[in-house]
Amino acid sequence: ASDNVGVTKVEFYLGGVLKAADTSSPYSWLWDTTQVSNASYILLAKAYDAAGNIGSSTQITVTVSNTPIDIMPPSVSIISPTNGSTVSGVVFATAISSDNIGVSRVEFYLDGSLKKTEYLAPYDWSWDTNLTPNGLHSLFAKSFDAAGNAGISAPITVSVNNIPIDTSSPTVSIIS
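Here the structure is a predicted model, which is why all the values come from computation and not from measurement.

## Some points on the side chain of Ser97
Relative to the assigned elements, Ser97 resides in strand β8 (residues 90–98). Within the structure, the side chain of Ser97 is placed 2.9 Å from the backbone oxygen of Ser75, a separation counted as a polar contact. A distance of 2.5 Å separates polar atoms of two side chains, one belonging to Ser97 and the other to Ser143. Not counting chain neighbours up to four residues away, the residues in contact with Ser97 comprise Pro74, Ser75, Val76, Val103, Val106, Tyr123 and Ser143.

Quick look at the structure:
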């Protein structure tokens, strides 16, 4: 806003309703668009000088299109193997995950260590239990959405029971 003598204030209108006034240059109004619905709005500014003269800006139409803030974490569950089961050999660990906006990845953890990350459903991990010591082990999955929210499955406990592989060579002797 400018005037040959000086601007005393500028008022800001949203849809014909006065929302703010500023008395120092640069004249501004901080509009938090998250407080209104996604729609079109008419904005107008009026400038005043010391003599009481009023100048108006051209009305402009703006469209508010706020993306909803995603604060909901995805849900995730391990559906295979089942809690308390005994596993051996190669096992497919499978998780299901859903989110109100979308799942970006699912991670599989064995005894607290990340073992596999899947970016597309079906979310599964081909687990070679021969590389895991026999005994009880904890398995859980963690799911993420694009906003970084994370959901964690209930942990399951499985028992690895692999038959030891005989790696010894047979002995042979010649008896005369």
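## A word on the environment of Lys116
Its place among the elements puts Lys116 in strand β10 (residues 113–118). By relative accessible area, Lys116 is classed as partly exposed at 31%. Sequence-wise, Lys116 and Trp127 are 11 residues apart; in three dimensions their C-alpha atoms are separated by 9.2 Å. Dropping the residues within four chain positions of it, Lys116 is found in contact with Val106, Glu107, Phe108, Asp124 and Trp125.

## Side note on the packing of aromatic side chains
One pass over the structure, following the stated rule, counts six aromatic pairs. With a centroid separation of 4.8 Å and an interplanar angle of 0°, the aromatic rings of Tyr109 and Phe140 are classed as stacked. With Tyr109 in strand β9 (residues 103–110) and Phe140 in strand β12 (residues 135–145), the pair connects residues that are 31 residues apart, well separated along the chain. The same class applies to Tyr109 as to Phe140, namely buried. Considering the side-chain rings of Trp125 and Trp127, the 5.4 Å spacing of their centres and the 15° angle between planes classify their relative orientation as stacked. Here the two residues Trp125 and Trp127 agree in accessibility, since each one is buried. Ring-pair connections join several aromatic residues into one group, and the members of that group are Phe12, Trp29, Trp31 and Tyr41.

## Quick look at the nonpolar core
The biggest cluster of nonpolar side chains holds 17 residues, and the ones touching the most others in it are Ala95, Val106, Phe108, Trp125 and Trp127. Of all the secondary-structure elements, those providing two or more residues to this core are β6 (75–80), β8, β9, β11 (123–128), β12 and β14 (156–160). Not counting residues within four places of it along the chain, the set of residues in contact with Val106 comprises Val76, Ala95, Ser97, Lys116, Thr117, Glu118, Tyr123, Ala141, Lys142 and Ser143. Val7, Phe12, Tyr27 and Ala45 belong to the second largest nonpolar core, which has six residues in total.

The rules behind each value
- Residues numbered from 1 in each chain as written.
- Predicted model: local features only at pLDDT ≥ 70, side-chain atom pairs only at ≥ 80, totals over all residues.
- Heavy atoms only, no water.
- Helix = DSSP H or I, 4+ residues; strand = E, 2+ residues; numbered from the N terminus.
- Polar contact = N/O pair within 3.5 Å; in protein donor to acceptor, adjacent residues only side chain to side chain.
- Contact = heavy atoms within 4.5 Å.
- Buried < 20%, exposed > 50% of the residue type's maximum accessible area, 1.4 Å probe, protein only.
- Phe/Tyr/Trp six-rings, centres within 6.5 Å; stacked < 30°, edge-to-face > 60°.
- Core = buried A, V, L, I, M, F, W, Y, C linked by side-chain atoms within 4.5 Å.

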